[in-house]
Amino acid sequence: MAEVLQVETRKQFGKQHNRRLRKSGKLPAVLYGHGKEPVSLSLSEEQFSTSLRHGAKVVELAGVEQGQVLLQDVQWDTFQQKVLHVDLLRVEKGDRVKVEIPIVLRGVAPGTNEGGGVEQLLRRVEMETSPASVPEQLHLSINRLQLGGTLTVADIDDVPEDAKLLVEDSQACVQCGMPAVELEEDESAVEGSSEPEIVGRKSEDQPGE
Amino acid sequence: MALMPKRVKHRKSQRGRIRGSATRGNRVVFGEFGLQALEGGWISAATIEAGRIAAQQYIRGEGKLYIRIFPHKSITSIPLETRMGKGKGEPDYWAATVRPGTILYEIGGISEQAAKICFARLAHKMPVKVRMAKRK
């Protein structure tokens, strides 16, 4: 069941009004898509945070606007803690939507027992799917990841049947390798380089100068 | 050896002012967890290095540490017991200018609990208030 967001029409615009709106526990949002006029909306911050926490990508609107919408874009503040604004895209049955879904690793890689470290190279994957079957996350089992091995996009376990991944199947997703050994820095090698080179200044000890 | 630029146009720079918050470099992009500055300030190359050592001694080869700031700014000072005037001092150290919101370090490949402890150790070295941030 899709998350439900209660929305109201927003008639006042600009940073001053939006700041007041945020102080009152609401968020400014805009709804667009399907050739219809964009509509300025406000929605409850609490409801929206809950939907985000649940990993929802497609939500149901209630109130002045109804129907399914895709969370197209979310703007965050500098500290990435508070949502500032939300973009909602109208979707209908039969539509195909492009969404970025996070990839979550599952299990324990046997390679880690041999001293290896697991490095996730691809954390999100773009997929084209119907709005009804947008998954919260995709899972990749690393139980067969040996030391020096790599798992690719093709190894992702639970891609929905009607979904199409928009990356190549051969793209590496996660690898298990030995951690890089930190080289002891040779103090003598850096001697004499206590100041950086100045662009355009000729070196004093150049011959013939 | 502390971080320092390889080539610069000018040896000395004006002090400048740190205004506003970070609009770039304020998201965790390489690892899973980050250390985010909550205040602006200068972070010296020696401090960045001290933080790196503190973090790496804790994670000990597990996971990966990313340093997201670089000391581009030379900070000058005049010697002690010098009369005022006679021009700007000589470069003393290099520092990174940090605005509130900047991600200073990132860690990947370790658990959240381990990252929390690691950043707590690292935070002691920092001259600005910090918080732990997660990748969104």
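Residues numbered from 1 in each chain as written. Chains lettered and ligands numbered in written order. Predicted model: local features only at pLDDT ≥ 70, side-chain atom pairs only at ≥ 80, totals over all residues. Heavy atoms only, no water.

### Side note on the interface of chain B and chain A
Residue-level contacts link 30 residues of chain B with 21 residues of chain A. Summed over both sides, the interface of chain B with chain A buries roughly 2200 Å², with 48% coming from carbon and sulfur. Our count for the contact surface shared by chain B and chain A stands at 4 salt bridges. Taken together, the connections running from chain B to chain A amount to 11 residue pairs in polar contact (both at pLDDT 80 or more). Elements supplying a minimum of two residues to the side of chain B that touches chain A: strand 1 (7-8), strand 2 (33-37), helix 1 (45-59) and strand 4 (64-67) of chain B. Residues that form the side of chain B that touches chain A fall into these classes: 11 nonpolar, 8 polar and 11 charged. Across 2 bridges, the pairing between strand 14 (residues 197-198) of chain A and strand 1 of chain B is parallel. Following the sheet pairing, I198 of chain A is matched in strand 1 of chain B by V8 of chain B. (Contact = heavy atoms within 4.5 Å. Buried area = accessible area lost by both parts, 1.4 Å probe. Salt bridge = Lys/Arg side-chain N within 4 Å of Asp/Glu carboxyl O. Polar contact = N/O pair within 3.5 Å; in protein donor to acceptor, adjacent residues only side chain to side chain. Helix = DSSP H or I, 4+ residues; strand = E, 2+ residues; numbered from the N terminus. Nonpolar A, V, L, I, M, F, W, Y, C, P; charged D, E, K, R; others polar. Pairing = 2+ DSSP bridges.)

### Things to note about the layout of surface pockets
Over the atoms a probe the size of a water molecule is rolled, and this reveals where empty space is left. Of the voids in this model, the second largest pocket is the one considered here, and its volume is about 390 Å³. Contributing to the lining of the second largest pocket are 19 residues, with R24, H72, A96, T97 and R99 of chain B lying nearest its centre. (1 Å grid on protein atoms, 1.4 Å probe; cavity = no way out; pocket = protein on both sides within 12 Å on 5 of 7 lines; lining within 4 Å. Points joined across faces, edges and corners; volume = space filled by probe spheres on them.)

### So, the sheet that holds strand 6 (residues 90-98) of chain B
All names here are of chain B. Taken in spatial order, the 3 strands make up an open sheet running 3-6-5, and their pairing is antiparallel. The sheet is open, and its two borders are formed by strand 3 (41-44) and strand 5 (73-77), each paired with just one other strand. Strand-to-strand twist in this sheet, taken as the mean axis angle between neighbours without regard to direction, amounts to 50 degrees. Strand direction decides the pairing type here: strand 3 and strand 6, joined by 4 bridges, are antiparallel. (Axes fitted to C-alpha atoms, helices over the stretch in contact; angles between N-to-C directions.)

### Quick notes on helix 1 of chain B
Residues and elements named next belong to chain B. When the terminal C-alpha atoms of helix 1 are compared, their 21 Å separation across 15 residues agrees well with the 21 Å that a helix rising 1.5 Å per residue should span. Among all positions of helix 1, only A45, T47, I48, E49, G51, R52, A54, A55 and I59 are buried. In this fold, the buried residues of helix 1 make contact with strand 3, strand 4, strand 6, strand 7 (103-108) and helix 2 (112-123). (Expected span 1.5 Å × (residues − 1). Buried < 20%, exposed > 50% of the residue type's maximum accessible area, 1.4 Å probe, protein only.)

### Some details on the sheet that holds strand 13 (residues 172-177) of chain A
Residue and element names in this part refer to chain A. The strand order across the open sheet formed by 3 strands is 8-13-11, and the pairing between neighbours is antiparallel. With partners counted over all chains shown, the strands left at the sheet margins are strand 8 (117-120) and strand 11 (150-152), one partner each. Sheet twist, expressed as the mean angle between neighbouring strand axes with direction ignored, is 15 degrees. Where strand 11 meets strand 13, 3 bridges bridge the pair, whose relative direction is antiparallel. Paired with T150 across the two strands is Q175, which belongs to strand 13.

### Some remarks on the domain arrangement of chain A
All names here are of chain A. Entries for chain A in the domain assignment read domain 1 (3-92) and domain 2 (98-177). One C-alpha centre belongs to domain 1, the other to domain 2; they are set 30 Å apart. Residue-level contacts link 8 residues of domain 1 with 9 residues of domain 2. Interface area for domain 1 against domain 2, summed over the two sides, is near 540 Å², with a carbon-plus-sulfur share of 64%. A per-residue breakdown of the area domain 1 buries against domain 2 is headed by K57, V58 and L70, which together make up 59% of the total. Applying the counting rule to domain 1 against domain 2 returns 0 salt bridges. Between the two partners, domain 1 and domain 2, sit 0 residue pairs in polar contact (both at pLDDT 80 or more). Class assignment of the residues belonging to the side of domain 1 that touches domain 2 gives a composition of 3 nonpolar, 3 polar and 2 charged. (Domains from an automatic or database assignment.)

### Notes on helix 2 of chain B
Residue and element names in this part refer to chain B. With 12 residues, helix 2 extends 16 Å between its outermost C-alpha atoms, agreeing within 8% with the 16 Å of an ideal straight helix rising 1.5 Å per residue. Taken together, the buried positions of helix 2 are occupied by A114, A115, C118, F119 and L122. For helix 2, the arc enclosing every buried residue in end-on projection is 125 degrees, short of the 170-degree limit, so these residues lie on one face. In this structure, the buried side of helix 2 is in contact with strand 2, helix 1, strand 7 and strand 8 (130-134). (Arc of directions from axis to C-beta.)

### So, the state of the cysteines
All names here are of chain A. Following the criterion strictly, the structure yields 0 disulfides over all chains and no others. Considering cysteine sulfurs only, C176 is the nearest to C173, which forms no disulfide, with 14 Å between them. Classification of C173 as buried rests on a relative accessible area of 0%. (Disulfide = S-S within 2.5 Å.)

### With respect to the confidence of the model for chain A
For chain A, the mean per-residue pLDDT works out to 84, and 89% of the residues sit at or above 70. Here residues 186-191 of chain A scores under 50 on pLDDT; set against residues more than four positions off or in separate chains, the count is 1 contact. (pLDDT = per-residue confidence, 0-100.)

### Quick word on the packing of helix 1 of chain B against helix 2 of chain B
All names here are of chain B. Look at helix 1 against helix 2: their axes get within 8 Å of each other, and the N-to-C directions meet at 150 degrees. In terms of orientation, helix 1 and helix 2 fall into the roughly antiparallel class. Considering how the two elements wind past one another, helix 1 and helix 2 form a crossing that is right-handed. Residues G51, A55, Y58 and I59 of helix 1 touch helix 2, and the partners they reach there are A114, I117, C118, R121 and L122. Broken down by class, the residue content of the contact of helix 1 with helix 2 amounts to 7 nonpolar, 1 polar and 1 charged. (Parallel < 35°, antiparallel > 145°, perpendicular 65-115°, else oblique. Left-handed = near helix turned anticlockwise from the far one by under 90°.)

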